[in-house]
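Below, each chain spelled out in residue letters.
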Amino acid sequence: MKDILEKLEERRARARAGGGEARIEAQHKRGKLTARERLELLMDKGSFEEFDMFVEHRSAEFGMEKSRIPGDGVVTGWGTVNGRTVFAFAKDFTVFGGSLSEAHAQKIFKIQDMAMKARAPIIGLFDAGGARIQEGVAALGGYGEVFKRNVIASGVIPQISVIMGPCAGGDVYSPAMTDFVFMVRDTSYMFVTGPDVVKTVTNEVVTAEELGGASVHTTKSGIADGSYENDVECLLQMRRLLDFLPANNEAGVPEWPSHDDVEREEKSLDTLVPDNPNKPYDIKELVLKVVDEGDFFELQEAFAKNIVTGFGRIAGQSVGFVANQPMVLAGVLDIDASRKAARFVRFCNAFGIPIVTFVDVPGFLPGTNQEYGALIAHGAKLLFAYSQATVPLVTVITRKAFGGAYDVMASKHIGGDVNYAWPTAQIAVMGAKDAVEIIFRADIGDAKKIATRTKEHEDRFLSPFVAAERGYIDDVIMPRATRARIAKALAMLRGKRVEMPERKHDNLPL
Ligand code: HXC
């Protein structure tokens, strides 16, 4: 019996040793942790239960039968994060460069299937060289099985991908179909084809970092939702993110104890909006003053900064925030901002997370760049996402809500449940001067007349009251009372139910 037990321990130790000491040391030298070290940090202490540590590849091509390493380049299992079940797989770069074989893929989709059965989130840690070249089509088949499951799980359980090393070829598409992608700065990169192929095909010379580093995907492509300095910071932030997310689409948002009074008034908000309507102010100040304990998990902070998205809590429950940012491009809606916010709104709606929208938007960004880039279709995504949302929608207009952007930003007309405005709100088709120069074109040469008419227009139309008179705005509220009014609205909406017509699926303008 003792022998048998020892043998088990031996086999476990062999699996835990991964690709061996030298490769582990190389991993550490690059500033990266190993797959198991990462999982230990991600999960509550001692909670990780590993699956399939004895699985080996079955390939006999290119002499592969001589090198089998238990675990086969991926560590899979489940554990808890602050007591809540989470499934995970972590690619082990020390074993065949974390490359995906048939057996490796089977380990991943087994855990995907388990996560779906248990209706709990799944998180994948990527650090790998793509398809196991020696396995050829068997590896491609494996990827396909993983992709299909990503899609089936989409909107049912939260799926998070964290890129902590190379992520190329077949490895990029699974993250792309999950809800969130995060990266570690300087040690991770993500691209479909690497620098060598790029050089051969297009003659461009780029480094891996320039092609697909964290700086590219958090600022240019918008593929990544955030990046962190190192593995430790990244994994601790993933724990924080998971605390905001429901376990699945039917579980409802998690509730954490909060010591922040929902009635808390913030007098400083009364002077947040400057007297000059063209002067910017930081909308994040409003978000931070409204959420519990100032705790806001911002997504895509460095991409399309003219709109802010992220999670906070009110009365201990998760809320998704969308806010135009007057500090960047005056808060205008452009292609990137529309895409960013649309994706976020759809995530919240899929998982039953209420959405609070802060509006200060001068309209959509004009120009050939935007029109040629299909601003119409991208703007429509945001309009579509909000119109389709059946979760509680609370909207507060702080200043400008002009033109089509007024309709788009969770207005009453497309499904806003509770729509408030601050006294500084200006809800109109466009700014006063632009409006006067169109309707009184004949007076354009007469500056005095134009000024008088502009003032008349401002007094009549650039206020919240024209909309409030029609019931498009439910109340004009004191800025200082914003948190309390939102909290009450969300409490009232807790049991909200809206039926949508039966259909196979909608046809979102992609
Ligand atoms: C098998 C691989 C591998 C792979 C790396 N290794 N990638 N083994 N299949 N795809 C092995 C190496 O042989 C090496 O083994 C170990 O992992 C570490 O790799 P190194 O090259 O020494 O590391 P490094 O210099 O850090 O470079 C990492 C890398 C590079 C940039 C990821 O290994 C690389 O370019 N790999 C190939 C990437 C690739 O072309 N993948 C296929 C993509 S096609 P030893 O034993 O020496 O430690 C694809 C199509 C799928 O994925 C499409 C599905 C839709």
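Computed from a prediction, not measured in an experiment: that's the story for all the values here. (Residues numbered from 1 in each chain as written. Predicted model: local features only at pLDDT ≥ 70, side-chain atom pairs only at ≥ 80, totals over all residues. Heavy atoms only, no water.)

Draft legend 1. Geometry of the overall build of the protein. Broken down by element type, the protein carries 19 helices and 17 strands. Taken against the 2.2 N^0.38 rule, which gives 24 Å for 510 residues, the C-alpha radius of gyration of the protein at 26 Å falls within 12% of a compact globule. The C-alpha extent of the protein, read off along each of the three principal axes, is 95 × 55 × 45 Å. Among the 510 residues that make up the protein, the fraction classed as buried is 52%. Surface accessibility of the protein: about 23,300 Å² in total, with carbon and sulfur atoms responsible for 55%. Within the protein, one finds 62 positive and 69 negative side-chain charges whose respective centroids are separated by 2 Å. (Helix = DSSP H or I, 4+ residues; strand = E, 2+ residues; numbered from the N terminus. Rg over C-alpha atoms; globule rule 2.2 N^0.38 Å. Buried < 20%, exposed > 50% of the residue type's maximum accessible area, 1.4 Å probe, protein only. Areas by Shrake-Rupley, 256 points an atom, 1.4 Å probe, with all protein chains shown as cover. Lys, Arg positive; Asp, Glu negative; His and termini not counted. Charge placed at Lys NZ, Arg CZ, Asp CG, Glu CD.)

Draft legend 2. View of a nonpolar patch on the surface. A cluster of nonpolar side chains, Met 1, Ile 4 and Leu 5, forms an exposed patch at the surface whose accessible area comes to about 370 Å². Examined against the element boundaries, Ile 4 turns out to sit in helix 1 (residues 2–16). (Patch = residues over 30% accessible without salt bridge, like charges linked within 9 Å, V, L, I, M, F, W, Y side chains within 5 Å. Salt bridge = Lys/Arg side-chain N within 4 Å of Asp/Glu carboxyl O.)

Draft legend 3. Region of interest: unusual backbone geometry. Not every positive phi belongs to a glycine, and Asp 186 is a case in point at roughly 75°. Here Asp 186 is to be found in the loop between strand 7 (180–184) and strand 8 (189–191). Among the residues examined, Asp 186 registers a relative accessible area of 65% and is labelled exposed. The phi dihedral of Gln 300 is positive, around 50°, even though this residue is not glycine. Within the fold, Gln 300 resides in the loop between strand 10 (297–299) and strand 11 (307–314).

Draft legend 4. Seen up close, the site of the ligand. Around the ligand lies a shell of 19 residues, among which Arg 23, Arg 30, Gly 129, Ala 131 and Gly 170 are the nearest. Arg 23 places a side-chain nitrogen or oxygen 2.7 Å from an oxygen atom of the ligand. Separating an oxygen atom of the ligand from a side-chain N or O atom of Arg 30 is a distance of 2.7 Å. The protein chains hide 53% of the 1,000 Å² of surface that the ligand would expose on its own. Looking at side-chain class alone, the shell around the ligand contains nine nonpolar, seven polar and three charged residues. (Near = heavy atom within 4 Å. Polar contact = N/O pair within 3.5 Å; in protein donor to acceptor, adjacent residues only side chain to side chain. Nonpolar A, V, L, I, M, F, W, Y, C, P; charged D, E, K, R; others polar.)

Draft legend 5. Layout of the environment of Leu 33. Here Leu 33 lies in the loop between helix 2 (21–29) and helix 3 (35–42). Spatially, the C-alpha atoms of Leu 33 and Phe 93 are 9.9 Å apart, while their sequence positions differ by 60 residues. In this view, Leu 33 contacts Gln 27, His 28, Arg 38, Leu 41, Asp 231 and Val 232; residues no more than four positions away in its chain are not counted. (Contact = heavy atoms within 4.5 Å.)

Draft legend 6. Up close: the pattern of salt bridges. Under the counting rule described, the total for this entry stands at 33 salt bridges. Put simply, Lys 29 and Glu 25 hold a salt bridge, and the shortest N to O gap is 3.6 Å. Taken together, the residues span about one helical turn, with Lys 29 and Glu 25 both in helix 2 at a distance of four residues. Salt bridges here are not isolated pairs; linked through shared partners, they connect Asp 260, Arg 264, Glu 266, Asp 292 and Arg 483.

Draft legend 7. Structural detail: helix 5 (residues 137–153). Here helix 5 contains 17 residues, and its C-alpha end-to-end distance of 25 Å stays within 8% of the 24 Å for a straight helix at 1.5 Å per residue. Considered for burial, the residues of helix 5 that qualify are Ala 139, Gly 142, Tyr 143, Val 146, Phe 147, Arg 149, Asn 150 and Ala 153. Buried residues of helix 5, viewed axially, fall in a sector of 165°; they line one side. Exposed residues pointing more than 90 degrees away from the buried face of helix 5 are listed as Val 137, Leu 140 and Lys 148. Those residues of helix 5 that are buried are in contact with helix 4 (102–118), strand 5 (159–163) and helix 6 (173–176). Where helix 5 ends, the next residue or the one after it, Gly 155, has phi of about 85°, a positive value. (Expected span 1.5 Å × (residues − 1). Arc of directions from axis to C-beta.)

Limitation: the analysis is restricted to geometry and does not speak to function.
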